[in-house]
Amino acid sequence: MSQFTQPPQSPQPQQPYAPVPTPGTHPARNGLGIAALVLGIIGAVSGLIPLLFWLAGLLGLIALILGLSGRGRAKRGEATNKGVATFGAALGAVSLVLAVVGVVITFKAVDDAVKDLDKAVSDTTASAKPKPGGDADAGKKGDSKKEEGKKDTSEALETGDSAVYDDDLTVTVGDATSYAPGAYAVGHTKGKKAYRVAVVIENAGKEKFDSALVNVAARAGQDGVEAEQIFDDKVGAGFDGTILPGKKVTVQFAFDTPADAKNLTVEVNPGFTYDATQWDLKL
């Protein structure tokens, strides 16, 4: 009886078994707490920077909401960073407080700036000084008489009158005298008449005055047509540089007028924050 030998069987590889998850366990959901902490830090830092109060308020509100939500997750056992979420919510609340403080400070600063600008403009409202030898004597009799001696600058002043501003800047315009423009003058038209006018600016205040912004213009005749300014080697340079306290500067201007014009209205504006004043000069 023959015996058959079976070849040895190779061992079968065992299949690995995956661990069976424990029922009821889930990965910790710590994202809300971390986000609250990050946004709270950024919001608190933004609240310390001027003009970033809006960013601090926005991030603070989000951080507060996420922090409280993260605490809720931690109480339910869904997260393990209750302390981080609490700190993030606290930083969110701090950011909101800083945002409110920033709003108050910003609006107060803007309001103060507007008031200072209004005050600067109102402090440069022109009031005319009486003509020498005219109403000046009446102005010396008392404070009540001084106001009567002043002329209303809403109407044109006369030759020799001065416009005195609240910062003690004084502008005076002299007579209009006939002028012969040079051979190479600019602004003069044949058939028209040219007149020269002296404009004096005296700085009786305590601060330096920048005369670069002084503007002088004129209109001629009853119809008030524009009188073109004449430029040559003697007139037309205009004001320039700084006038120190206690000093005065005189500049000659020339204007081209129609031949039949009987008057010349000269307007002087010392600068952006000053009211312009007009003088009605007889030709």
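Residues numbered from 1 in each chain as written. Predicted model: local features only at pLDDT ≥ 70, side-chain atom pairs only at ≥ 80, totals over all residues. Heavy atoms only, no water.

Right, let's talk about a nonpolar patch on the surface for a bit. Residues I34, V38, I42 and V84 make up a contiguous nonpolar surface patch of roughly 300 Å² in combined accessible area. Topologically, V84 is positioned in helix α3 (residues 82-122). (Patch = residues over 30% accessible without salt bridge, like charges linked within 9 Å, V, L, I, M, F, W, Y side chains within 5 Å. Areas by Shrake-Rupley, 256 points an atom, 1.4 Å probe, with all protein chains shown as cover. Salt bridge = Lys/Arg side-chain N within 4 Å of Asp/Glu carboxyl O. Helix = DSSP H or I, 4+ residues; strand = E, 2+ residues; numbered from the N terminus.)

Ranked by size, the top nonpolar core spans 29 residues in total, and within it V199, L264 and V268 carry the most contacts. In this structure, V199 is in contact with V171, T172, V173, V216, F239, V249, T250, V251, F253 and V268, ignoring residues within four places of it in sequence. Y179, A194, V235 and A254 belong to the second-largest nonpolar core, a separate cluster that totals five residues. (Core = buried A, V, L, I, M, F, W, Y, C linked by side-chain atoms within 4.5 Å. Buried < 20%, exposed > 50% of the residue type's maximum accessible area, 1.4 Å probe, protein only. Contact = heavy atoms within 4.5 Å.)

Of the voids in this model, the largest pocket is the one considered here, and its volume is about 210 Å³. As for the largest pocket, its lining consists of 16 residues, and the residues nearest its centre are D167, E207, K208, F209 and Y274. Across the lining of the largest pocket, the residue classes break down as six nonpolar, four polar and six charged. (1 Å grid on protein atoms, 1.4 Å probe; cavity = no way out; pocket = protein on both sides within 12 Å on 5 of 7 lines; lining within 4 Å. Points joined across faces, edges and corners; volume = space filled by probe spheres on them. Nonpolar A, V, L, I, M, F, W, Y, C, P; charged D, E, K, R; others polar.)

Attention now goes to the side chain of T106. Here T106 lies in helix α3. Judged by relative accessible area, T106 falls into the buried class, the value being 19%. Apart from residues lying up to four places away in sequence, T106 is in contact with L51 and F53.

In this section: helix α1 (residues 31-47). Along its 17 residues, α1 runs 24 Å from first to last C-alpha, staying within 8% of the 24 Å computed at 1.5 Å per residue. Here α1 has its buried residues at L32, G33, A36, G40, G43, A44, S46 and G47. Projected down its long axis, α1 shows its buried positions confined to an angular sector of 150°, all on one face. (Expected span 1.5 Å × (residues − 1). Arc of directions from axis to C-beta.)

Let us look at the sheet that holds strand β12 (residues 277-282). Read across the open sheet, the four strands follow the order β7-β6-β11-β12; overall the sheet is antiparallel. In this open sheet, the two edge strands, each paired with only one partner strand, are β7 (225-226) and β12. Of the pairings in the sheet, the one linking strand β6 (residues 215-220) to strand β11 (residues 263-269) comprises six bridges and is antiparallel in character. Counted as the bridge partner of V216 is V268 from β11. (Pairing = 2+ DSSP bridges.)

Residues other than glycine seldom take positive phi values, yet L51 does so here, at roughly 70°. With respect to the helices, strands and loops of the structure, L51 is situated in the loop between α1 and α2 (53-75). Accessibility expressed as a relative area gives 59% for L51, which makes it exposed. Phi at D168 takes a positive value of approximately 70°, unusual for a residue other than glycine. In this structure, D168 sits in the loop between β2 (162-164) and β3 (169-178). Take D168: its relative accessible area is 38%, and that puts it in the partly exposed class.

Further remarks concern the pattern of salt bridges. Taken as a whole and assessed by the stated rule, the structure comprises four salt bridges. One salt bridge connects E78 with R76, and the closest N-O pair in it is separated by 3.5 Å. K108 is the salt-bridge partner of D112, the closest N and O atoms lying 3.2 Å from each other. Here the residue D112 and the residue K108 both occupy positions in helix α3, the gap between them amounting to four residues, near one helical turn. Here the residues in one salt-bridge network are R29, R76 and E78, joined through shared partners.

With that settled, consider the packing of aromatic side chains. For any pair of aromatic rings, the description consists of the separation of the ring centres together with the inter-plane angle of the planes. According to the stated counting rule, one finds three aromatic pairs in the structure shown. Ring plane angle 90° and centroid distance 6.0 Å describe the contact between F209 and Y274, whose orientation is recorded as edge-to-face. Note that F209 is positioned in strand β5 (residues 209-210) and Y274 in the loop between β11 and β12, a separation of 65 residues in sequence. For F209, a relative accessible area of 7% puts it in the buried group. The exposure class assigned to Y274 is buried, which follows from its relative accessible area of 11%. (Phe/Tyr/Trp six-rings, centres within 6.5 Å; stacked < 30°, edge-to-face > 60°.)

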